[in-house]
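# Fold and geometry: a report
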Amino acid sequence: MSAADYAPGFEALAACADPLTLYAAFLGDTLTRYRATRTLRDAHADLWKLLETEERRVRATHPSDWAAGASLLRHATW
(Lines give C-alpha, C1' and ligand atoms only; values in the text may rest on other atoms or scores of the structure.)
Protein backbone atom coordinates (compact mmCIF):
# COMPACT_ATOMS: atom_id res chain seq x y z
CA MET A 1 0.00 0.00 0.00
CA SER A 2 1.13 3.51 -0.62
CA ALA A 3 0.55 6.71 1.27
CA ALA A 4 -1.88 7.73 -1.47
CA ASP A 5 -4.29 5.29 0.16
CA TYR A 6 -4.12 7.05 3.51
CA ALA A 7 -2.95 10.68 3.36
CA PRO A 8 -5.40 13.14 1.84
CA GLY A 9 -3.69 15.14 -0.88
CA PHE A 10 -0.57 12.98 -0.98
CA GLU A 11 -1.38 11.48 -4.37
CA ALA A 12 -1.60 14.95 -5.92
CA LEU A 13 1.69 16.00 -4.31
CA ALA A 14 3.43 12.87 -5.54
CA ALA A 15 2.00 13.28 -9.03
CA CYS A 16 3.45 16.79 -9.26
CA ALA A 17 6.89 15.83 -7.94
CA ASP A 18 9.74 15.36 -10.35
CA PRO A 19 11.38 11.94 -10.66
CA LEU A 20 14.45 12.79 -8.58
CA THR A 21 12.27 14.08 -5.74
CA LEU A 22 10.29 10.84 -5.83
CA TYR A 23 13.54 8.87 -5.82
CA ALA A 24 14.80 10.87 -2.83
CA ALA A 25 11.54 10.16 -1.00
CA PHE A 26 11.87 6.46 -1.81
CA LEU A 27 15.46 6.45 -0.54
CA GLY A 28 14.51 8.31 2.63
CA ASP A 29 11.67 5.93 3.42
CA THR A 30 13.68 2.81 2.63
CA LEU A 31 16.70 4.00 4.61
CA THR A 32 14.49 4.70 7.61
CA ARG A 33 13.18 1.13 7.46
CA TYR A 34 16.67 -0.35 7.08
CA ARG A 35 18.13 1.77 9.87
CA ALA A 36 15.40 0.55 12.21
CA THR A 37 16.08 -3.15 11.59
CA ARG A 38 19.50 -4.73 11.97
CA THR A 39 18.15 -8.03 10.66
CA LEU A 40 17.10 -6.34 7.42
CA ARG A 41 20.54 -4.74 7.00
CA ASP A 42 22.27 -8.06 7.66
CA ALA A 43 20.01 -10.02 5.32
CA HIS A 44 20.47 -7.54 2.46
CA ALA A 45 23.93 -6.15 3.09
CA ASP A 46 24.66 -5.34 -0.57
CA LEU A 47 21.41 -3.44 -0.98
CA TRP A 48 21.99 -1.63 2.33
CA LYS A 49 25.42 -0.50 1.09
CA LEU A 50 23.91 0.67 -2.20
CA LEU A 51 21.17 2.63 -0.43
CA GLU A 52 23.71 4.42 1.76
CA THR A 53 25.83 5.25 -1.28
CA GLU A 54 22.83 6.62 -3.12
CA GLU A 55 21.81 8.70 -0.10
CA ARG A 56 25.25 10.33 0.02
CA ARG A 57 25.23 10.92 -3.75
CA VAL A 58 21.79 12.48 -3.93
CA ARG A 59 22.34 14.61 -0.81
CA ALA A 60 25.63 15.91 -2.21
CA THR A 61 24.67 16.45 -5.84
CA HIS A 62 20.97 17.33 -5.55
CA PRO A 63 20.36 18.79 -2.07
CA SER A 64 17.15 20.58 -3.09
CA ASP A 65 15.68 17.33 -4.44
CA TRP A 66 16.71 15.52 -1.26
CA ALA A 67 14.94 18.19 0.81
CA ALA A 68 11.86 18.02 -1.43
CA GLY A 69 11.78 14.24 -1.03
CA ALA A 70 11.95 14.60 2.75
CA SER A 71 9.13 17.13 2.62
CA LEU A 72 7.04 14.77 0.51
CA LEU A 73 7.57 12.02 3.10
CA ARG A 74 6.35 14.33 5.86
CA HIS A 75 3.04 14.63 3.99
CA ALA A 76 2.63 10.87 3.91
CA THR A 77 1.23 8.77 6.70
CA TRP A 78 2.45 5.21 6.42
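Note that the structure is a prediction, hence the values are computed from the model and not measured. (Residues numbered from 1 in each chain as written. Predicted model: local features only at pLDDT ≥ 70, side-chain atom pairs only at ≥ 80, totals over all residues. Heavy atoms only, no water.)

Glancing now at the packing of aromatic side chains. Going through the model one piece at a time under the given rule, you end up with 2 aromatic pairs. Between Y23 and F26, the aromatic rings sit 6.2 Å apart at their centres with planes inclined by 20 degrees, giving stacked as the arrangement. Remark: F26 and Y23 occur in helix α2 (residues 19-36); sequence separation between them is 3 residues, near one turn of the helix. Owing to a relative accessible area of 29%, Y23 belongs among the partly exposed residues under this scheme. For F26, a relative accessible area of 44% puts it in the partly exposed group. Plain terms: the ring middles of Y34 and W48 are 5.9 Å apart, the flat faces sit at 5 degrees to each other, and that makes the pair stacked. Of the two residues, Y34 is situated in helix α2 and W48 in helix α4 (residues 45-61); the sequence distance between them amounts to 14 residues. Classification of Y34 as buried rests on a relative accessible area of 7%. The residue whose ring lies beneath R41 is W48, and the NZ or CZ to ring-centre distance is 5.8 Å. (Phe/Tyr/Trp six-rings, centres within 6.5 Å; stacked < 30°, edge-to-face > 60°. Helix = DSSP H or I, 4+ residues; strand = E, 2+ residues; numbered from the N terminus. Buried < 20%, exposed > 50% of the residue type's maximum accessible area, 1.4 Å probe, protein only. Lys NZ or Arg CZ within 6 Å of the ring centre and 35° of its normal.)

Here we take up the confidence of the model for the protein chain. This prediction gives the protein chain a mean pLDDT of 88; 90% of its residues lie at or above 70. Per-element averaging of pLDDT across the protein chain places helix α1 (residues 10-16) at the bottom with 78 and α4 at the top with 98. (pLDDT = per-residue confidence, 0-100.)

This brings us to the side chain of E54. By the element assignment, E54 lies in helix α4. The exposure class of E54 is buried, given its relative accessible area of 14%. A polar atom in the side chain of E54 sits 2.6 Å from the side chain of Y23. Contact partners of E54, with chain neighbours within four places excluded, come to Y23 and L27. (Polar contact = N/O pair within 3.5 Å; in protein donor to acceptor, adjacent residues only side chain to side chain. Contact = heavy atoms within 4.5 Å.)

Here α4 spans 24 Å end to end across 17 residues, near enough to the 24 Å set by a 1.5 Å rise per residue. Looking at the packing, one finds that the buried side of α4 touches α2, α3 (38-43) and α5 (63-74). (Expected span 1.5 Å × (residues − 1).)

Moving on: the pattern of salt bridges. Taken as a whole and assessed by the stated rule, the structure comprises 5 salt bridges. We note a salt bridge from R33 to D29, for which the minimum N-O separation is 2.9 Å. Here R33 and its partner D29 are both found in helix α2, 4 residues apart, which amounts to about one turn of the helix. On the accessibility criterion, R33 (45% relative accessible area) is partly exposed. A salt bridge links R57 to E54; its shortest N-O distance comes to 2.9 Å. In this pair, R57 and E54 are both assigned in helix α4, 3 residues apart and thus about one turn of the helix distant. What makes R57 partly exposed here is its relative accessible area of 36%. (Salt bridge = Lys/Arg side-chain N within 4 Å of Asp/Glu carboxyl O.)

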